[in-house]
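# Overview (structure and organization)
So the chains spell out like this:
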Amino acid sequence: MVLTAGLAVVLLWFLAGCRVADQLHNAEDPDIGLRASSAGNGSSGGDLHTGISNGKIAFIRHSDIYVMNSDGTGQTNLTRTKAGVRGCVWSPNGKKIAFVAARSAGERSLDIFVTNADGTGETNLTRTKASTEAAPSWSPDSKKITYLRGSDPSGELFTDIYVTKSNGTSQTRLIKARDTKYFEAGFESPEWSPDGEKIAFIRTTRVVPEKSAPSSVAPATGPSGLYTMNPDGTALRKLSKEISYAQSPLWSPDGKQIAFSGPEQKVYVVNANGTELRELLPNVGASYIDSYAWSPDGKEIAFSAVNYPGELDIYVLIADGTGQINLTSTRDSIEDEPSWSPDGKQLAFTRGDVGDVYDGQGVYMMDADGTGQKRLANNASSPSFAPWDGE
């Protein structure tokens, strides 16, 4: 992959973010500030609130997890500068948030935490001393969480997938990687299917450098694949047989398909039984696709892609690849991390100025047709709508 200078800035933007389980794929997303921009499709950078009410939104500010009302009011810090917060994921019932953090400043190993949506009842689920955990994913009934575990404190290699009850009890290993002579095998991105019958994940490999290689040489990324298994670790199946590289699985809302990133920054989709592997966004006229999200009814896909060199816009199209619309169409700005409201009528997203990476990005809202763009929160990123709990 060849990166422009601007695109390199985009990729540095993301290390930690919030999401709804099984809704949003995103490359890693850090909380590095960008200045909010008022450009594009009726956007009004000075307006702080919209006139809609569509539940709660979680977002990242200064490495903490916040929750606010969908009109931007009631912004509440849930984590209060806990060290290294990342990986914020709503439970499907909208009552809790799982995230990853270190127990104290300066500690490299990370644990899985859960907190109520109002910030009360924070619990460290894993409390491991010699391991690092990451990538929590909720079961559809909000009773269990899968996660990655590895002994590498840098978080570069995870060799096990575990499942635990949402209170941290009954921790069980589902699958363990088997190292070979020339490859270190590991896992990424375990994701429950909407019906709770399968868990999708990525099996990764890193080529081990020759013993004579300089110590500064890092392992190169080897082949990776998309797999599914039953929630007890049985019935392992590889779905990406024709593709050498896969990343970030994302179930469709009906559980019949899985989208994932593949070679050349393309997005693919495959049926849950492994049939009909194909490119998901074949008609997208963009050189790089970053994040993408199914609409709640599965009929549309919102995604961010490079329009001008080094800049991202947010698009929406019909799930069959037709009807593409650029919703933001801005220059000198980055729009990314689209998150659908539960009723599919609005999109929250992050906007920032390409020219000032370290200032202050903002969380914005717009209607699903791109109109009514309003800023909800300053110095904020990675918005994620809470799902409806059905009550």
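Remember, it's a predicted structure, so these values are computed and weren't measured experimentally. Sequence order as written defines residue numbering, which begins from 1 separately in each chain. The predicted nature of this model means local features are confined to residues of pLDDT at least 70 and side-chain atom pairs, given and counted, to a pLDDT of 80 or more, with totals for whole chains, interfaces and linings taken over all residues. Hydrogens and water molecules were not included; the side-chain quantities draw on all heavy atoms of the structure.

What follows deals with the overall build of the protein. Strands are runs of DSSP state E lasting at least two residues, helices are runs of H or I lasting at least four, and both sets are numbered from the N terminus onward. Across its full length, the protein holds one helix and 31 strands. Throughout this description, buried means an accessible area under 20% of the type-specific maximum (1.4 Å probe, protein chains only), exposed means over 50%, and partly exposed covers the range between. Buried positions account for 52% of the 391 residues belonging to the protein. Sequence separation of 24 or more characterises 46% of the internal contacts of the protein that already satisfy a separation of 6 or more. Only carbon and sulfur atoms are counted for the fraction: they give 48% of the accessible area of the protein, which is about 16,500 Å². Whether two residues are in contact is decided by their heavy atoms, any of which lying within 4.5 Å being enough. Working definition of accessibility: Shrake-Rupley area with a 1.4 Å probe, residue cover restricted to the visible protein chains.

Position of Arg-149 among the secondary structure elements: in strand β11 (residues 144-150). Residue Arg-149 is classed as buried on the basis of its relative accessible area, which comes to 12%. Measuring from C-alpha to C-alpha, the distance between Arg-149 and Glu-133 comes to 4.5 Å, with 16 residues separating the pair along the chain. Apart from residues no more than four positions distant in its own chain, Arg-149 is found in contact with Thr-126, Thr-128, Ser-131, Thr-132, Glu-133, Phe-158, Thr-159, Asp-160, Tyr-162 and Gln-171. Within the local environment of Arg-149, its side chain forms a polar contact with the side chain of Glu-133, the two groups lying 2.8 Å apart. Within the local environment of Arg-149, its side chain forms a polar contact with the side chain of Gln-171, the two groups lying 3.1 Å apart. What qualifies as a polar contact is a pair of N or O atoms within 3.5 Å, subject to a donor-acceptor requirement within protein and to the restriction that residues adjacent in sequence count only when both atoms come from side chains.

The term salt bridge refers to a side-chain nitrogen of Lys or Arg lying within 4 Å of a carboxyl oxygen of Asp or Glu. Counted according to the given criterion, the structure contains three salt bridges. When the shortest N-O distance is used, the salt bridge between Glu-133 and Arg-149 registers 2.8 Å. With a gap of 16 residues between them, Glu-133 in strand β10 (residues 132-138) and Arg-149 in strand β11 connect regions that are remote in the sequence. Residue classification places Glu-133 among the buried residues on the basis of a relative accessible area of 0%. In this structure, Arg-173 engages Asp-160 in a salt bridge whose closest nitrogen and oxygen atoms are separated by 3.6 Å. On the criterion of sequence distance, the pair formed by Arg-173 in strand β13 (residues 172-176) and Asp-160 in strand β12 (residues 160-165) is long-range, its members being 13 residues apart. Arg-173 sits in the partly exposed class, given a relative accessible area of 44%.

Let's shift gears to the nonpolar core. In terms of nonpolar packing, the biggest core is built from 15 residues, with Ile-161, Leu-174, Ile-175, Phe-187, Phe-201 and Met-229 touching the most fellow members. Contributions of two or more residues to this core are made by β12, β13, β14 (183-192), β15 (199-207) and β17 (225-229). Among the elements that line this core, the one with the most residues is β14, at three residues. Aside from chain neighbours lying at most four places away, what touches Phe-187 is Leu-148, Phe-158, Thr-159, Asp-160, Ile-161, Ile-175, Lys-176, Ala-177, Phe-201, Ile-202, Arg-203 and Thr-204. What is meant by a nonpolar core is a set of buried Ala, Val, Leu, Ile, Met, Phe, Trp, Tyr and Cys residues, joined one to another through side-chain atoms within 4.5 Å.

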